[in-house]
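# Tertiary structure, described
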Amino acid sequence: MNDVVKYEKIADEHLAVLRIDRPEASNAISTAVMEGLAAALEQARQDDDVRAVILTGTGDRVFVSGGDLKEFHADLTDEERVYEKMSQMRRVLETIHLFPKPVIAAVNGAARGGGGEVASACHFRVGADTATVGFIQVKLGIAPGWGGGVLLSKIVGRQKALALILRGDIIDARAAMELGFFDIVCPQDEILHYARMYAKPLTANSPKAVQSLLRLLREQESLPVTDAMERESRLCAQLWGTPEHDAAVSSFLSRKARKE
Ligand SMILES: CC[C@@H](C(=O)O)C(=O)SCCNC(=O)CCNC(=O)[C@H](O)C(C)(C)COP(=O)(O)OP(=O)(O)OC[C@H]1O[C@@H](n2cnc3c(N)ncnc32)[C@H](O)[C@@H]1OP(=O)(O)O
């Protein structure tokens, strides 16, 4: 992390909160933000005490306004340089998408262009009631640059993604919820509280079970259905011997015994 990406650990909730902190630029993604996010994610990955991550933006107006059009248009002049810069942020989105611990986007306000892509890379999205989402790249005559259109399609389905990306409409929080993009919507001034509440069951459950299920559910998308089903049986067998499973079963059985 650095000046433009803040990292806060909430130790007693096993959470890391990553905050994109460029309110003067509507939290646009500059090269420094890309570097800060990569470093912050690595810190959260390495900290065994962190069981989930919340990603948000500073302020009550904007989550992320997309790529920093001022920096990019000053610096990037030919296709290969644009491609390299887009790929730098695409790798950050890949890191989020493949992150071993659940990542929750707390969409505190407008998500535009790449802002929608960043939210799409997260495993869950908590939206402020004032938030708006627009995959508006088409209005700028470009495509989503960071691979987030592909991820959007996995969340809302191909047809709805096609409409959002090709039309470039800006939708409000209620529509984002109806599409299945937001998992919950909450009052804007309580967004972090709601994101923390959303994280609670994820961090309370066995980290080994949560993390291996997250991986399994991601990997099963590219497997034949019977292979994916077999992996689920294997995972259950692997988790059977863990202390968390022993404790949960003992607690259940002793509860039953107490009732008798
Ligand atoms: C390049 C990658 C591509 C992708 O992969 O998808 C993209 O992301 S392209 C970028 C697409 N995004 C946009 O076009 C969004 C542009 N911004 C807005 O629509 C609005 O700013 C907002 C996000 C809806 C917020 O509106 P508001 O609260 O009214 O603030 P202002 O518009 O006054 O902005 C304040 C301040 O922030 C600067 N700003 C906003 N967005 C960007 C941006 N993407 N890059 C750089 N700077 C941005 C804006 O210029 C203002 O600064 P000043 O000009 O210094 O006042």
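Remember, predicted model here, so these are calculated numbers, not experimental data. (Residues numbered from 1 in each chain as written. Predicted model: local features only at pLDDT ≥ 70, side-chain atom pairs only at ≥ 80, totals over all residues. Heavy atoms only, no water.)

Let us look at unusual backbone geometry. Phi is positive for His14, which is not a glycine, with a value near 55°. Note that His14 resides in the loop between β1 (5–10) and β2 (15–20). Of note in this structure, Asn27 is not a glycine but carries a positive phi near 55°. Tracing the chain through its elements places Asn27 in the loop between β2 and α1 (31–46). (Helix = DSSP H or I, 4+ residues; strand = E, 2+ residues; numbered from the N terminus.)

When pLDDT is averaged across the protein, the result is 96; 98% of the residues are at 70 or more. Reported for the predicted complex are a pTM of 0.96 and an ipTM of 0.98. (pLDDT = per-residue confidence, 0-100.)

Right, let's get into a negative patch on the surface. A grouping of Asp78, Glu79, Glu80 and Glu84 is seen on the molecular surface, where their side chains present a negatively charged patch. Tracing the sequence through the fold places Asp78 in the loop between α2 (69–75) and α3 (79–97). Assessed through its relative accessible area of 36%, Asp78 is described here as partly exposed. (Patch = residues over 30% accessible without salt bridge, like charges linked within 9 Å, V, L, I, M, F, W, Y side chains within 5 Å. Areas by Shrake-Rupley, 256 points an atom, 1.4 Å probe, with all protein chains shown as cover. Salt bridge = Lys/Arg side-chain N within 4 Å of Asp/Glu carboxyl O. Lys, Arg positive; Asp, Glu negative; His and termini not counted. Charge placed at Lys NZ, Arg CZ, Asp CG, Glu CD. Buried < 20%, exposed > 50% of the residue type's maximum accessible area, 1.4 Å probe, protein only.)

Attention now goes to the site of the ligand. The full set close to the ligand counts 23 residues, and Arg61, Ser65, Gly67, Glu117 and Gln137 are the nearest of them. In the environment of the ligand, an oxygen atom lies 2.8 Å from a nitrogen or oxygen atom belonging to the backbone of Gly67. In this structure, Gly145 approaches the ligand through a main-chain N or O atom, which is 2.9 Å from an oxygen atom. Alone, the ligand offers 1,000 Å² of accessible surface; in the complex the protein occludes 67% of this. Elements with a minimum of two residues in the shell around the ligand: α2 and α4 (114–121). In terms of residues, the shell around the ligand owes the most to one element, α2, which gives three residues. Here the residues of the shell around the ligand sort into nine nonpolar, eight polar and six charged. (Near = heavy atom within 4 Å. Polar contact = N/O pair within 3.5 Å; in protein donor to acceptor, adjacent residues only side chain to side chain. Nonpolar A, V, L, I, M, F, W, Y, C, P; charged D, E, K, R; others polar.)

One can describe the packing of helix α9 (residues 207–219) onto helix α10 (residues 225–240) by two numbers: an axis separation of 11 Å at closest approach and a directional angle of 170°. As far as their axial angle goes, α10 and α9 are roughly antiparallel. In contact with Lys208, Ala209, Ser212, Leu213, Leu216 and Glu219 of α9, α10 contributes Arg231, Glu232, Leu235 and Leu239. (Axes fitted to C-alpha atoms, helices over the stretch in contact; angles between N-to-C directions. Parallel < 35°, antiparallel > 145°, perpendicular 65-115°, else oblique. Contact = heavy atoms within 4.5 Å.)

Turning to the environment of Ala237, a few remarks are in order. Summarising the element assignment, Ala237 is placed in helix α10. Taking the relative accessible area as the measure of exposure, Ala237 reaches 46% and is therefore partly exposed. Counting along the chain gives 232 residues from Ala237 to Val5, while the straight-line C-alpha distance between them is 40 Å.

Within the open sheet, the four strands sit side by side as β4-β6-β8-β9. Their pairing is mixed. Two strands bound the open sheet, and with one partner strand each, they are β4 (62–64) and β9 (170–172). Sheet twist, expressed as the mean angle between neighbouring strand axes with direction ignored, is 20°. Both strand β6 (residues 110–112) and strand β8 (residues 132–134) contribute to a ladder of two bridges, which runs parallel. Residue pairing across strands places Arg112 opposite Gly134, the latter belonging to β8. Across the sheet, α4 lies against β4 and β6, angled at about 100° from β6, the strand it touches most. (Pairing = 2+ DSSP bridges.)

Taken in spatial order, the six strands line up as β1-β2-β3-β5-β7-β10 in an open sheet, and their pairing is mixed. The outermost strands of the open sheet, each flanked by one partner alone, are β1 and β10 (184–186). Neighbouring strand axes in the sheet, compared pairwise and without regard to direction, differ in orientation by 20° on average. Where β2 meets strand β3 (residues 52–57), six bridges bridge the pair, whose relative direction is parallel. When the sheet's bridge partners are listed, Ile20 is paired in β3 with Gly57.

This brings us to helix α5 (residues 148–156). Here α5 has its buried residues at Gly148, Gly149, Leu151, Leu152 and Val156. Mapping the buried residues of α5 onto a view down its axis gives an arc of 155°, with all of them on the same face. For α5, the secondary structure elements touched by its buried residues are α3, α4, α6 (158–167) and α7 (173–179). Once α5 finishes, Gly157 follows within two positions and takes phi at roughly 95°, a positive value. (Arc of directions from axis to C-beta.)

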